[in-house]
Each structure stands twice: as C-alpha cells, then as structure tokens.
Amino acid sequence: MDFNLYNSIILAGVVQGFIFAIIVLSTKKYKSISNYYLVAFILSFSFCNLMYYLPITGLMDYPLLFKTFYFPWVVLVPVFFYRYVKTLLYPEDKFSKKQNLQYLPFVVFLVPMLIYKFIAFTIGVNKEVEVLFEKFILFFEVFSSLFPFYFIVAIFTLIIKYKKEHKQFNITEINERHMWLQITMWLLTLLNIVWLVVIMLQVFSDHEECYPVWISVSAIIYWIGHAGIYKYGIIQERKKIRRQTLNQVINTSDISQEENQHVKAFKNQIIKEKLFLDSSITLESIAAKIDISVSLLSRIINEELQSNFNDYVNKLRVEEVKRYLNNPSFSNYTITSIGLEAGFNSKTTFFTAFKKFTGTTPANYKKNLSKV
C-alpha cells in the first residue's frame, strides 16, 4: 500500500465532500433545490476521487475496481453543476425534457459497465473481453474529459444572461453579483483543460501521474461547498432584511422643499427611491437619471451638501446598517449580510466606511448595543 501526503490530501477532499453532503441534507435552513444539486455535484466529484484513490494507494487494483466500484460518476459532475447554477440564478425555471437528456451519457456508459460487472461475477471474463473493456474505458475517459466543455459554455452563457437582466437596480430583488461563481467557473475550466491534457498523455504515452488534478479536485470541493453554502446563507438573510425594507415607511424629512431643485432631485433618487442600496450606483448614473451633467452634480453635492458623492452615499448606508443592527429581528444575522444589504459591494469597503463615520467597527458597535 502507498500512503503519502498527496494521498492524504485526496482522501481529505473525499471525506469533506461526504461530510458536507450530510450537513446540508440534514439541516432545514439549507433546504433548496439549488443546494440539493450542489450536494449531488460534490458527491459525484467525491466518488470520482475515491475511485482513483483506491488503486493509487494499492487498496484495490484496477481489474477489481472495474468489477466493483467503477461507475461513470464523472459525466454527472458537469450536469449537476450546471443544474446547480441554473437553479441558483433562476430558481423559478423548470428543466425541459430536452435538458433532461443531459443524463443520457451516464446511462449510456453505465449499461456496459453493469454488463461487464455481471459477467465478471458470474461466468468470468476472458482476455478478449478484458481488452474490449479496456478500450471502452479509454473511450469513456476521453469522452468524460471533453463532455464538460459543453456545460462550461452553457454556464458562462447563463451567468452573462443573468448579469444583463439584473444590470438595473430593483429594490424588490437581490441583485447578487456572484463573483465567487465566476471565479469558480474559471478554476473549473482550467482544471478541465489540465484533466484533458492528462487523459491525452495517458492515451499516447501511458502517463498515469494525476496527483495535481486530484489534489485540485479536493481543493475545488472545499471551495465550492464553503462558498456555495456561505453565499446561500447571505442571500437568505438579505432577502429577509429586504422584505422589511420594502415595508418601511420612507423618511423624507431630509428632503426640504426649499432646497435647490437639483438637490431635491438628487435626494429623491438616493433617499426616496433608496438607490443608495444599489452597490453599483455611481455619480454618472445618478446624473443621467436627473438629467444634468456629472460635473454640475458633483459641484452641487460639494457646495450644497458639504460632502462628496461617495461619502454622502456611504453615510446613508452606514445609517442603514445601524438601523439593522439596532433591530432585534436581525441580531443573529451576519454583519456581512447586513453590510451588503445596506449597499456596500464588499466587506472591506463596508468596514472602512463604517469606521470612518462611527469611529468603531461594526462588530464593536453591535457588541456595545448588547450592553445597553
């Protein structure tokens, strides 16, 4: 048996994949179709790694692996991830009958494998059958390394479509940028390219060293599981906060009828329409909405409001954060959820602005509230 650091990392990835599945499936707060597809994706990835782990450690040779635990899980990996992304971005959409054909390669490859296993355990396989099955496995490995590229294109298309459809701020929706998902897709694309190269090396030179790929898969399992569930929790908390925001009576006391008409127009957009909650809001976009030049709006904000655009908007966001933190209904919510829902586009920007206008961190502010 061959146990080393690399094997241990691979096994750790497999184990954490199974643990992740148990936690998600047994926890009510993670109950969603997208999370179930995420679990299926990680489990299929984990089973793939386990299949390759057994022979490289000497726990099982390849002939025995093919007769027992070898199944075409790898062709399910891109299917489940595509379905995870689609249900995450478009939870109301249903999968068509045509899209259900995505499972067909799994069935097509599963049938010969089951026939081979049946023959192996009943009458036994001769040399000709072994050679034929080896060629079948080689074809399957090549196909499985090419198959994901279709889904890579499909997922990037989904993400681009989602970004276009959610480009404009809508207070009734949570416009999540899903940057982590885009990063993950690039990582998976790179990993699949490397995997394709490895398969080609196996075909033409009998090269079998795949440790970098397997270790990368272990890292990907950890990253996607953590990021997927963490981001899911953030979005669910933001949705609950947003529902209360929609029912909130808008305070327009800061909008004076005696103010410059451009100032009133600016405040109407920022305060009354609550555009400060839009993390992508810019001076240019507000100027376009109230139909004045950027330079004029900038000068008006500086002279009339004694501030610059970023500080004015961030101060409103900080006040919104303080309102959330003072609300007992959100006492168990993460500070990150609250900051993002208030309009900040990152934790760093949020913490910096909050300390600038309050002199303390969000965590300390929340801690001091509990002492009152």
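Residues numbered from 1 in each chain as written. Predicted model: local features only at pLDDT ≥ 70, side-chain atom pairs only at ≥ 80, totals over all residues. Heavy atoms only, no water.

Asks: I would appreciate a short explanation of the overall build of the chain in the present structure.
Replies: The number of helices and strands found in the chain is 16 helices and 0 strands. For 372 residues, the compact-globule formula gives about 21 Å, and the C-alpha radius of gyration of the chain, at 27 Å, lies well above that figure. On the principal axes, the C-alpha backbone points of the chain span a range of 95 × 45 × 35 Å. Looking at the chain as a whole, 45% of its 372 residues are labelled buried. For the chain, restricting intrachain contacts to residue pairs at least 6 apart in sequence, the fraction spanning at least 24 positions comes to 73%. Within the structure as shown, the chain displays about 20100 Å² of accessible surface, and the carbon and sulfur contribution to it stands at 61%. (Helix = DSSP H or I, 4+ residues; strand = E, 2+ residues; numbered from the N terminus. Rg over C-alpha atoms; globule rule 2.2 N^0.38 Å. Buried < 20%, exposed > 50% of the residue type's maximum accessible area, 1.4 Å probe, protein only. Contact = heavy atoms within 4.5 Å. Areas by Shrake-Rupley, 256 points an atom, 1.4 Å probe, with all protein chains shown as cover.)

Asks: What is the right way to look at the environment of tryptophan 223 in this model?
Replies: Residue position: tryptophan 223 is located in helix H9 (residues 211-247). Residues tryptophan 223 and serine 331, 108 residues apart in the sequence, show an inter-C-alpha distance of 28 Å. Apart from residues no more than four positions distant in its own chain, tryptophan 223 is found in contact with Trp180, Thr184, Leu187 and Gly228.

Asks: Help me out: how do you make sense of the packing of aromatic side chains in this one?
Replies: What characterises a pair of aromatic rings is the spacing of the ring centres plus the angle enclosed by the ring planes. Tallying each qualifying case throughout the model produces 35 aromatic pairs. Judged by centre distance (5.2 Å) and plane angle (45°), the rings of phenylalanine 109 and phenylalanine 143 are tilted. Of the two residues, phenylalanine 109 is situated in helix H5 (residues 104-122) and phenylalanine 143 in helix H6 (residues 127-146); the sequence distance between them amounts to 34 residues. Assessed through its relative accessible area of 6%, phenylalanine 109 is described here as buried. Look at phenylalanine 143 and you get partly exposed, because its relative accessible area is 26%. Here the guanidinium or amino end of arginine 83 rests over the ring plane of phenylalanine 95, the centre of that ring lying 4.0 Å away. Lying across the ring of tyrosine 90, lysine 161 places its NZ or CZ 5.1 Å from the centre. (Phe/Tyr/Trp six-rings, centres within 6.5 Å; stacked < 30°, edge-to-face > 60°. Lys NZ or Arg CZ within 6 Å of the ring centre and 35° of its normal.)

Asks: What exactly am I supposed to notice about the pattern of salt bridges here?
Replies: Where charged atoms from two side chains of opposite charge approach closely, those side chains can pair. Counted under the stated rule, the structure contains 8 salt bridges. Here aspartate 311 makes a salt bridge to lysine 356, at a shortest N to O gap of 2.8 Å. On the criterion of sequence distance, the pair formed by aspartate 311 in helix H13 (residues 309-325) and lysine 356 in helix H15 (residues 347-358) is long-range, its members being 45 residues apart. (Salt bridge = Lys/Arg side-chain N within 4 Å of Asp/Glu carboxyl O.)

Asks: Whenever I open this one, the nonpolar core confuses me. Can you help?
Replies: A general feature of soluble globular proteins is that nonpolar side chains tend to end up buried together. Grouped together as the largest cluster of nonpolar side chains are 71 residues, with contacts concentrated most on Phe41, Phe45, Tyr70 and Phe81. Top element by residues in this core is helix H2 (residues 33-56). It accounts for 13 residues. Residue contacts for phenylalanine 81: discarding those within four places in its chain leaves Phe41, Ile155, Leu181, Thr184, Met185, Leu188 and Ile224. Counting 36 residues, the second largest nonpolar core, distinct from the first, contains Val263, Val318, Phe354 and Tyr365. (Core = buried A, V, L, I, M, F, W, Y, C linked by side-chain atoms within 4.5 Å.)

Asks: It is not clear to me how the side chain of arginine 83 should be interpreted in this structure. Could you clarify?
Replies: Relative to the helices and strands, arginine 83 resides in helix H4 (residues 77-89). In this structure, arginine 83 is buried with no salt-bridge partner, the nearest side chain bearing the opposite charge being aspartate 93 at 12 Å. A polar contact of 2.9 Å, which involves the side chain of arginine 83, links it to the side chain of asparagine 100. Not counting chain neighbours up to four residues away, the residues in contact with arginine 83 comprise Tyr37, Phe95, Gln99, Asn100, Gln102 and Tyr103. (Lys, Arg positive; Asp, Glu negative; His and termini not counted. Polar contact = N/O pair within 3.5 Å; in protein donor to acceptor, adjacent residues only side chain to side chain.)

Asks: Is there a simple way to think about H15 in this case?
Replies: One turn of an α-helix holds 3.6 residues; hence residues three or four places apart share an orientation. Taking 1.5 Å per residue, 12 residues should reach 16 Å; H15 reaches 16 Å between its end C-alpha atoms and fits that length. Downstream of H15 by a residue or two, glycine 359 has a phi angle that is positive, lying close to 80°. (Expected span 1.5 Å × (residues − 1).)

Asks: I'm lost on a nonpolar patch on the surface in this one. Help?
Replies: Together, Leu101, Leu104, Val107, Val108, Val111 and Ile115 make up an exposed nonpolar region whose accessible area comes to about 520 Å². The class for valine 108 is partly exposed, based on a relative accessible area of 47%. (Patch = residues over 30% accessible without salt bridge, like charges linked within 9 Å, V, L, I, M, F, W, Y side chains within 5 Å.)

Asks: Which parts of the structure should I look at to understand unusual backbone geometry?
Replies: A negative phi angle characterises most non-glycine residues, just as the trans form characterises most peptide bonds. Phi is positive for aspartate 291, which is not a glycine, with a value near 60°. Within the secondary structure layout, aspartate 291 lies in the loop between helix H11 (283-289) and helix H12 (294-304). At glutamine 306, a position not held by glycine, the phi torsion is positive, near 55°. Following the sequence through the fold, glutamine 306 ends up in the loop between H12 and H13. We classify glutamine 306 as exposed; its relative accessible area is 65%.

Asks: Help me out: how do you make sense of the confidence of the model for the chain in this one?
Replies: Across the chain, the average pLDDT comes to 87, with 93% of residues at 70 or higher. Of all secondary-structure elements in the chain, the lowest mean pLDDT belongs to H9, at 82, while H4 reaches the highest, 95. (pLDDT = per-residue confidence, 0-100.)

Asks: What am I meant to see in the packing of helix H10 (residues 261-272) against H13 here?
Replies: A pair of packed helices can be characterised by two numbers: the angle between their axes and the separation between those axes. Relative orientation of the contacting elements H10 and H13 amounts to 40°, with a least axis distance of 11 Å. Crossing angle aside, the handedness with which H10 passes H13 is right-handed. Judged by residue contacts, Phe266, Lys267, Ile270 and Ile271 of H10 engage Phe309, Tyr312, Val313 and Leu316 from H13. Residue composition of the contact of H10 with H13, grouped by class: 7 nonpolar, no polar and 1 charged. (Axes fitted to C-alpha atoms, helices over the stretch in contact; angles between N-to-C directions. Left-handed = near helix turned anticlockwise from the far one by under 90°. Nonpolar A, V, L, I, M, F, W, Y, C, P; charged D, E, K, R; others polar.)

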